[in-house]
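The primary structure of each chain is shown beneath.
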Amino acid sequence: MKKNFIFSIGLCLIVTFMMMCTPQQSEKSEETSVVEETHPLGQASVVDDVSDKNILQVAAGSQAHTTLVAAVQAAQIENVLVNAGPLTVFAPNNGAFDALPEGTVDNLLKPENKSQLATILTRHAAPGSYDIEGLKREATKGRKIYTATGDYLEVVVDGDKITVGGAEIVATIPASNGVIHVVNKVILPE
Amino acid sequence: MKTLIKINSLLIAFLTLITISCNQGGGESSNGALSSNIAEKVYVAPGERDAQYAFLSGGYSGNLTVYGLPSGRMFKEIPVFSQFPTSGYGYSEETKPMLNTSFGFIPWDDLHHPDISQTNGELDGRWIFANGNNTPRIARISLSTFETEEIIEVPNSAGNHSSSFITENTEYVVAGTRFSVPVPQRDMPIKEYKSNFKGALTFIAVEPEHGHLDIKFQLLMPGFNYDLSHPGRGKSHGWFFFSTYNTEESNTLLEVNASQNDKDFIAAVNWKKIEEYVNNGGGTKMPTNYAHNVYDESTHTATSTMKKEVLTVNPSEIPGAIYFLPTPKSPHGCDVDPSGQYIIGAGKLSADITVHSFDKMIAAIEAENFDGDAYGIPIIKYEDVVAGTVQSGGLGPLHTEFDGRGNAYTTFFISSEVVKWKLGTWEVVDRQPTFYSVGHLMIPGGNSRKPHGKYLVAMNKITKDRYLPTGPEMEHSAQIYDISGEKMQLLYDFPTHGEPHYAAGCDADLIMNNSKKIYRIDENMHPYAIKSPAEGKVVREGNEVHIYMSTIRSHFTPDNIEGIKVGDKVYFHITNHEQDFDVPHGFSMIGQGTSEILVMPGQTKTSLWEPKKVGVWPFYCTDFCSALHQEMQGYIRVSPANSNIELSWSLDE
Amino acid sequence: MKKASILMIIGSALLLGLFIFPLWNIRLGAPQYPDPLGINIHINGLQGESEFDIQNIDGLNHYIGMKTLPKPDDMWEFSVFPKVVLSMVVIGILIGSLGFFGKISSIWFLLWFVVMGILGALGVYDFNLWLVDYGTDLNPNAILKLVNPDGSPMKYNPPLIGHKKLLNFDAFSYPRLGGIFLGIGMLLSLTGYFIGRKTTVNSN
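Here the structure is a predicted model, which is why all the values come from computation and not from measurement.

A. Region of interest: the overall build of chain B. Looking only at helices and strands, chain B features seven helices and 45 strands. A globule of 653 residues ought to have a C-alpha radius of gyration of about 26 Å, and chain B, at 29 Å, matches this closely. Once the C-alpha set of chain B is aligned to its principal axes, its extents read approximately 100 × 85 × 50 Å. Taken across its 653 residues, chain B has 53% of its residues classed as buried. Residue pairs at least 24 apart in sequence account for 62% of intrachain contacts in chain B once pairs closer than 6 positions are excluded.

So, in structure tokens, the structure goes:
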């Protein structure tokens, strides 16, 4: 009888010790998840003010592209725009975003719409480096521009006016990792 | 009463044990910075050894580097296609023939894709194969001596890139050409490329016992670019898969012109069928010229033989052996999962990854349900062969490896990340950034039936700010991830040498116990070896002088030599008489036009010196061999060409 | 007495193990030799534990002026020891057999044990002399001439048994299977003596 009694005290003690162990484990897993939530630093965070400016740096330095840059940051695709590329980016200016139905931009900038925004933005990027002459050549050969989302954009040359996917190119800025064509319209899926 | 005490003390002991173990667990999590846990995962304490080997290609260094995982420590650089002064490879008389080609002595190449030999689809750790991309060559490296033992040139090839992948019993090492060329080579206008150039896929038989290489046949395919390849395994054993781009057959501004077709192909080649065809006398012998260089471990000497003929097979001769699987957007990586069921094509301009099904391919072939043909090779309908696509959300997929637990890992160059996804459901389960612009990745055994899937190494093209700056040129950077859990965990960054393209790795046990410690002096069959220092001598044959020299701690025998004349060709044949692990001796001679040589215990190596100036010139041991290393030196007296000083040599006389 | 005699026969036969297994072993370990260098001492000569150990020990020892390790012909012991051991085995088995058939008493077992003990002690004494000579009779032109803090020349003899630090080397000296067989054999003969005496006393 006495034996049994001591034995059960022992069991209780063991259970208690085990319970003392458990909460610490759950603390640990919380810690892990906090770390994962952080937006990882990438190539976009490299500090370099000597090299030619890349696409992101050019855009960030332009008063006309504050909406685009805000959108890129919200979509967390900065690293794509600083990549070795080469990339051709059709960069809608602030006016182009303003022309969208009211509330569209604000809605897209919400965290829950991150992937939708990313898709819209990457539709404006094409692998390869197409300067104005390159775009004209594509138009002459009847080829379309393949974008990072897998869409094809038609290039139309009309005198001095060049449109890509219906958006008119209003300026062209070379960047270290490709070309930026400033466009006056956000290119939406057909 | 006695029993009670016993039980009591037992309980106390038990409880103490629990308390101790509990404390340990608690201690860990309260110090709990996540980073310190990660540090523990890569920390290999002094004297401890790594769990796995990793063999990283050196790209334009031409060499292969050996690392440990998880520490990321580099153990060795193995010279393969490049002259290497550190050991004298490509400089010593014995190893110069290794770099012979039909273009003459080529002291460099661009090494891309190492692959470890396999038996039954599992790594066997005997050899590692590697390709020279520039002047097409395949090398076999021993994993017991860690020396390059054989190099075979690949004729009719150019840009030997979809190489050097092996079949699951190491029956063949396969070499495909990235650049199609006229076959045979001839003088013709470049713009007549289309339908005139050919892409050679070369199957090199590997002799099972010694690994000797012999070109079995060359498949002369349409003039596309054959980018990467991998063997079928398990159920798809007997097939080989090659990704292609430039099915447009463009010869200029490929950046644009080779990106026009919405889909290129993965070529599925039934090599067993072609093997049978050539074994029955099929194929056409074509005159050609290529080098086959073999290093003999017993003579410590390489010989180069020029071969004059290669057996070619035209796809049209053997219907039913080759099919094209349409694959979107210039596929780069072409990887086969451990079961052999899935063939993964990563369209490098696409956002998605295309996965083909081997079973569906066979069914489509049996149903003869084709979407036309290209140069007579049937094209299977995309819908009939595709098993699924991975909607990755990344940009620029390149390469895929597997962990053997039903997961695949794909690198994305443009979005700089590794994406983990599930085979069969194609759902993305995790993604981790890489730093920056990742090319290949490697899971040890990740392209075999049984991956050793604990770590993943991502090899990046761009380094930027990852390390202390070293001027405009930075070594490339690699990251190690722990993939044992559901989520990948970034563990460590380490710089690599040259430009790692692909890599291969395996558990350490597979290799470490076979690693050679010394060469036996009594098995040294080098024609200029001496079996003991007492046999040291100098022999003149016209203006050639052969010095049979011995090294043992800490002297050369002989170390005083007279009677050498300006204009002589002096061959130092150095035999290292040590039989003690890791005691090499080096040799260098003032004014020598080659590198030093590093002679392993029991080995003989030869260095050529052509004295140009009269005088007394020293030589010395270049490897700090012992406490009296600095005393390990000698002199050679060089007299005018017309002098009549007798040849003499001595040690301590 | 039969049991005792069998022990005596087995005991002396165990000495035959010396012809197969090493008597003693000296091992030298150092940071640069994670696999220590080892010498197995057989009754008829020295053998490296790994094939090239003797060559490598000699290579190291020449720096401090030690003589090279003796070949079988260099030491009389290596030709005499096998003869002595073999004789003792023959005598031991003979004594045991005679005891078995009740021709002699177990006192002979003790006698064999004592003789073997004396021979063994002489052997150990001789072995120690050699160790001391090997470790102290150094070439005066040695490359490294090391002295103790008191100015006396450093000695390099490995320990007779146990561990000793020699410069950066750890020297370990222990009996091996042959030596253990010898020990057990001698113990068995002694046990044979005691059992034999007891049974004789009892039967008396």
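B. Focus on the overall build of chain A. The secondary structure content of chain A amounts to eight helices and eight strands. Going through the 190 residues of chain A one by one, you find that 33% of them count as buried. When contacts within chain A are restricted to residue pairs at least 6 apart in sequence, long-range pairs at least 24 apart make up 65% of them.

C. Summary view of the arrangement of the chains. For this structure, the chain pair with the highest number of contacts among two pairs of chains in contact is chains A and B. One finds no contact linking chain A with chain C; the least C-alpha distance across the pair is 40 Å.

D. Spotlight on the interface of chain B and chain C. Contacts between the two partners involve five residues from chain B, matched on the other side by six residues from chain C. Per-class residue counts for the side of chain B that touches chain C are two nonpolar, one polar and two charged.

E. Spatial organisation of the domain arrangement of chain B. All names here are of chain B. For chain B, the domain assignment lists domain 1 (52–512) and domain 2 (523–650). Each of domain 1 and domain 2 has a C-alpha centre, and the two are 43 Å apart. Of the residues that constitute the side of domain 1 that touches domain 2, the class distribution is two nonpolar, eight polar and two charged.

F. Fine view of the confidence of the model for chain B. Summarising the model, chain B shows a mean pLDDT of 93, and 94% of its residues fall at 70 or more. Low pLDDT, under 50, characterises residues 7–33 of chain B; the predicted model gives this stretch 25 contacts beyond four residues in sequence or across chains.

G. Spotlight on the sheet that holds strand E34 (residues 503–507) of chain B. Residue and element names in this part refer to chain B. One open sheet accounts for four strands, arranged E3-E2-E1-E34; its pairing is antiparallel. In this open sheet, the two edge strands, each paired with only one partner strand, are strand E3 (74–78) and E34. Here the average twist between neighbouring strands, direction ignored, is 20 degrees. For strand E1 (residues 52–57) and strand E2 (residues 64–69), the ladder comprises six bridges, and the chain directions are antiparallel. The partner of Leu56 across the bridge, within E2, is Thr65.

H. Region of interest: the packing of helix H3 (residues 77–100) of chain C against helix H4 (residues 107–136) of chain C. All names here are of chain C. With their axes 10 Å apart at the nearest point, H3 and H4 run at an angle of 170 degrees to one another. Taken together, the axes of H3 and H4 lie roughly antiparallel to each other. Residues Glu77, Val84, Met88, Ile91, Gly92, Ile95 and Gly99 of H3 pack against Trp108, Phe109, Trp112, Met116, Leu119 and Asp126 of H4. Its residues placed into classes, the contact of H3 with H4 shows nine nonpolar, two polar and two charged.

I. Representation of the nonpolar core in the model. Counting residues in hydrophobic clusters, the biggest one holds 160 residues, and the most contacted among them are B:Ile204, B:Ala268, B:Val269, B:Leu456 and B:Val457. In contact with B:Val457, other than residues within four places in its own chain, are B:Ala54, B:Leu441, B:Met442, B:Ala478, B:Ile480 and B:Ala503. Membership of the second largest hydrophobic core comes to 39 residues, among which are C:Met1, C:Ala4, C:Leu182 and C:Tyr193.

J. The arrangement of the environment of B:Gln185 in detail. Its place among the elements puts B:Gln185 in the loop between strand E11 (172–176) and strand E12 (198–206). A sequence separation of 28 residues divides B:Gln185 from B:Ser157, and the C-alpha atoms of the two residues are 9.9 Å apart.

K. View of the pairing of strand E15 (residues 239–245) of chain B. All names here are of chain B. For E15, the tally of buried residues reaches seven of seven residues, placing the bulk of the element in the interior. Of the pairings in the sheet, the one linking strand E14 (residues 225–231) to E15 comprises five bridges and is antiparallel in character. Directly across from Ser229, in E15, lies its bridge partner Phe242. Two elements, E15 and strand E16 (residues 263–270), share five bridges in a ladder whose sense is antiparallel. Bridge assignment links Trp239 to a residue of E16, and that residue is Asn270.

L. Up close: the confidence of the model for chain A. Of all residues in chain A, 78% have pLDDT values of 70 or greater, and the mean over the chain is 78. In this model, residues 8–37 of chain A is a region of pLDDT below 50 whose contacts with residues beyond four sequence positions or in other chains number 23 contacts.

M. Fine view of the environment of C:Val84. Residue and element names in this part refer to chain C. Among the structural elements, Val84 can be located in helix H3. Val84 sits in the partly exposed class, given 15 other C-beta atoms within 10 Å. Sequence separation between Val84 and Val132 is 48 residues; the distance between their C-alpha atoms is 24 Å.

N. Representation of helix H5 (residues 358–366) of chain B. All names here are of chain B. Of the positions making up H5, those classed as buried are Phe358, Met361 and Ala364. Looking down the long axis of H5, one finds its buried residues gathered within 125 degrees of arc, a one-sided arrangement. Buried residues along H5 sit against E16, strand E19 (322–328), strand E21 (342–347), strand E22 (352–357), strand E24 (377–380) and helix H6 (382–385).

O. Quick peek at the sheet that holds strand E8 (residues 178–183) of chain A. All names here are of chain A. Strand order in the open sheet made by the six strands is E2-E1-E8-E7-E6-E5, with mixed pairing throughout. With one partner strand each, in any of the chains shown, strand E2 (125–127) and strand E5 (155–158) form the two edges of the open sheet. Across the sheet, the axes of successive neighbouring strands diverge by a mean angle of 35 degrees, strand direction being ignored. This element, helix H8 (residues 132–140), spans E5, strand E6 (161–164) and strand E7 (167–175) of the sheet and lies at about 100 degrees to E5.

P. Structural detail: unusual backbone geometry. Residue and element names in this part refer to chain B. Cis geometry is found at the peptide bond from Leu69 to Pro70, where omega equals 10 degrees. Here Pro70 lies in the loop between E2 and E3. The backbone phi angle of Asn246 is positive, close to 55 degrees, even though this residue is not glycine. The residue Asn246 is located in the loop between E15 and helix H3 (254–257) in this model. In this structure Asn246 comes out as buried when scored by C-beta crowding, with 25 C-beta atoms within 10 Å.

Q. Representation of the packing of helix H1 (residues 2–14) of chain C against H3(C) in the model. Residue and element names in this part refer to chain C. It is at 8 Å that the axes of H1 and H3 come closest, and there the two elements cross at 170 degrees. Between H1 and H3, the angle is such that the two are roughly antiparallel. Contact residues: Lys2, Ala4, Ser5, Met8, Ile9, Gly11, Ser12 and Ala13 in H1; Met88, Val89, Gly92, Ile93, Ile95, Gly96, Ser97, Gly99 and Phe100 in H3. Tallied by class, residues from the contact of H1 with H3 come to nine nonpolar, seven polar and one charged.

R. Inspection of the environment of B:Val174 at higher detail. Residue and element names in this part refer to chain B. Summarising the element assignment, Val174 is placed in strand E11. On a C-alpha basis, the gap between Val174 and Gln52 in space is 26 Å, while along the polypeptide they are 122 residues apart. With residues up to four places along the chain from it excluded, the contact list for Val174 reads Ser163, Phe165, Leu201, Phe203, Ser229 and Phe240.

S. View of the pairing of strand E8 (residues 137–142) of chain B. Residues and elements named next belong to chain B. Counting buried residues along E8, six of its six residues qualify, which places the element largely inside the surrounding structure. Side-chain alternation along E8 places Arg137, Ala139 and Ile141 on one buried face and Ile138, Arg140 and Ser142 on a second face that is also buried. Relative to E8, strand E7 (residues 122–132) is paired through six bridges, and the arrangement is antiparallel. Of the residues in E8, the one forming a bridge with Asn131 is Ile138. Linking E7 back to E8 in an antiparallel pair, the connection comprises four residues. Pairing geometry for E8 and strand E9 (residues 148–153), over five bridges, is antiparallel. Bridging from a neighbouring strand, Arg137 pairs with Glu153 of E9. Connecting the antiparallel pair E8 and E9 is a turn made up of five residues, with Phe146 showing a positive phi of about 55 degrees.

What counts, and where the lines are drawn
- Residues numbered from 1 in each chain as written.
- Chains lettered and ligands numbered in written order.
- Predicted model: local features only at pLDDT ≥ 70, side-chain atom pairs only at ≥ 80, totals over all residues.
- Helix = DSSP H or I, 4+ residues; strand = E, 2+ residues; numbered from the N terminus.
- Rg over C-alpha atoms; globule rule 2.2 N^0.38 Å.
- Buried ≥ 20, exposed ≤ 12 C-beta atoms within 10 Å, placed from the backbone.
- Contact = placed C-beta atoms within 7 Å.
- Nonpolar A, V, L, I, M, F, W, Y, C, P; charged D, E, K, R; others polar.
- Domains from an automatic or database assignment.
- pLDDT = per-residue confidence, 0-100.
- Pairing = 2+ DSSP bridges.
- Axes fitted to C-alpha atoms, helices over the stretch in contact; angles between N-to-C directions.
- Parallel < 35°, antiparallel > 145°, perpendicular 65-115°, else oblique.
- Core = buried A, V, L, I, M, F, W, Y, C linked by C-beta atoms within 7 Å.
- Arc of directions from axis to C-beta.

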